[in-house]
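Here is how the chains run, residue by residue.
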Amino acid sequence: MCVAVVTGASRGIGKEVCRQLGEMGYQVCLTGRNEDVVHKVVEELSSNGSIIYGHQLDVTDSKSICRLRDFIVNQFGRIDVLVNNAGVFLDNETNGKCPSLLEMNVQLLRLTMETNVYGVLNLIQIFFPYMKQANYGRIVNVSSGMGRITSMEMNDLIRRDLRYGPFYRISKASLNILTRIIAAEVNGFNILVNAVCPGWVQTDMGGSDAVRSVEEGAKGVVWAATLPDNHLSGAFFRDGKQLNW
Ligand code: NAP
C-alpha cells in the first residue's frame with residue numbers, strides 16, 4: 001500500500017489532499033505543527049475508513065523533520081509520495097495597501113523562505129534515499145501562479161499586481177527553480193518532481209473572495225501525486241495542464 005506524506009495538512013489544501021489520497025487507498029501521514037490539531041484532523045478524516053496517520057512536523061525545524069523520518073521508516077519502511085504543501089504568505093497587504101519591497105524588512109523574506117523553500121529542500125533531501133532505493137517516488141511542490149515570471153505583468157488587479165506579495169512571489173519562484181533542479185537530479189530513479197499551482201482557493205491564505213473550493217484546489221495536487229511512470233517531471237501544472245514558468 002502506497003504511503004503519502006503531506007506537509008501543512010492541519011487545514012486548507014493540505015488537509016483536503018490527505019482526504020482525497022485517503023479515499024484513493026493511500027496510507028496517508030498527515031502532518032502539522034500542532035500535534036493536538038493534527039490528531040483532531042486525523043480523527044475527522046479517518047471516520048470514513050481511510051487510513052490516515054498523524055505526526056507533528058514543523059518544516060523549518062530539522063529535529064522535527066528527523067523525527068518524522070524516523071516515524072515513517074519505522075512504521076512503513078517506505079515513502080511513495082511527498083506533498084510539500086506547507087506554506088506561508090507573510091507579506092500580505094495591510095489596510096488595503098501592498099507593502100513596498102523597497103521598505104520591507106528582509107527578515108520577513110528569510111522567514112518566508114524558511115518555510116516555502118528551505119523546508120521543502122530539507123524534506124526532499126531526507127526522503128530521497130528511500131525513494132531512490134525503491135525506484136519510485138512522486139514529489140509535489142505546491143507552488144503558486146504568483147511565482148510565475150511569465151505572468152508578472154504590471155496591471156491594476158490586486159491579485160496580479162506585481163507589487164503584491166513580493167516575498168511570497170520570490171519564494172514561489174525559487175520553489176519553481178528548486179523543482180526543476182531536483183527533477184534533473186533524480187532523473188533515472190522513477191521519481192517525478194513537479195510544481196503545482198492549486199489556483200486561487202478559499203482557505204485561510206486564499207481568503208473568502210477566492211474563486212475555488214479546497215476540493216478543486218487539491219485535485220490538481222493529488223493528480224500530480226499519483227502520476228504514472230514516465231510522465232513529465234520538472235514541470236509546472238494547474239488542473240493537470242502544464243503552465244509555463
Ligand atoms: P493555509 O490554509 O494558510 O494553510 C497553510 C498550512 O501550512 C497550514 O496547515 C499551516 O499549519 C502550514 N504551515 C505553515 N508553516 C508551517 C511550517 N513551518 N511547518 C509546517 N506547516 C506549516 O493555506 P493554503 O491555502 O491551504 O495553502 C497551502 C499551499 O497552497 C501553500 O503552499 C500556498 O502557498 C499554496 N497556494 C495557496 C493558494 C490559495 O489561494 N489558497 C494559491 C496558490 C498557492 P499551521 O496550522 O500550523 O499554521
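Since the structure is predicted, the reported quantities are computational estimates derived from the model, not experimental observations.

Quick look at the site of the ligand now. Around the ligand lies a shell of 29 residues, among which Ser10, Arg11, Arg33, Tyr168 and Thr203 are the nearest. Within the side chain of tyrosine 168, one N or O atom sits 2.6 Å away from an oxygen atom of the ligand. Burial of the ligand by the protein chains amounts to 93% of its free accessible area of 890 Å². Among the secondary structure elements, those contributing two or more residues to the shell around the ligand are α1 (12-23) and α5 (166-185). Considered class by class, the residues forming the shell around the ligand number 12 nonpolar, 12 polar and five charged.

Moving on, we come to the packing of aromatic side chains. Taken as a whole and judged by the stated rule, the model has eight aromatic pairs. Ring centres of phenylalanine 71 and phenylalanine 76 lie 6.1 Å apart, and the angle between their planes is 85 degrees; this geometry places the pair in the edge-to-face category. On the basis of relative accessible area, phenylalanine 76 is assigned to the buried category, the value being 16%. Connected via pairs of aromatic rings, a cluster forms that spans Tyr53, Phe71 and Phe76.

Let's shift gears to the layout of surface pockets. If you add up the space inside the largest pocket, you get close to 1,400 Å³. As for the largest pocket, its lining consists of 49 residues, and the residues nearest its centre are Ile13, Tyr168, Thr203, Met205 and Gly206. Only α1, α4 (106-134) and α5 provide two or more residues apiece to the lining of the largest pocket. Across the lining of the largest pocket, the residue classes break down as 20 nonpolar, 18 polar and 11 charged. In this structure, the second largest pocket spans a volume of roughly 190 Å³. If you go around the second largest pocket, you meet 14 residues; those closest to its centre are Ala183, Asn187, Ile191, Leu192 and Ser233. Those elements that place two or more of their residues in the lining of the second largest pocket are α5 and β6 (191-196). For the lining of the second largest pocket, a count of residues per class yields six nonpolar, six polar and two charged.

Criteria and cut-off values
Residues numbered from 1 in each chain as written. Predicted model: local features only at pLDDT ≥ 70, side-chain atom pairs only at ≥ 80, totals over all residues. Heavy atoms only, no water. Near = heavy atom within 4 Å. Polar contact = N/O pair within 3.5 Å; in protein donor to acceptor, adjacent residues only side chain to side chain. Areas by Shrake-Rupley, 256 points an atom, 1.4 Å probe, with all protein chains shown as cover. Helix = DSSP H or I, 4+ residues; strand = E, 2+ residues; numbered from the N terminus. Nonpolar A, V, L, I, M, F, W, Y, C, P; charged D, E, K, R; others polar. Phe/Tyr/Trp six-rings, centres within 6.5 Å; stacked < 30°, edge-to-face > 60°. Buried < 20%, exposed > 50% of the residue type's maximum accessible area, 1.4 Å probe, protein only. 1 Å grid on protein atoms, 1.4 Å probe; cavity = no way out; pocket = protein on both sides within 12 Å on 5 of 7 lines; lining within 4 Å. Points joined across faces, edges and corners; volume = space filled by probe spheres on them.

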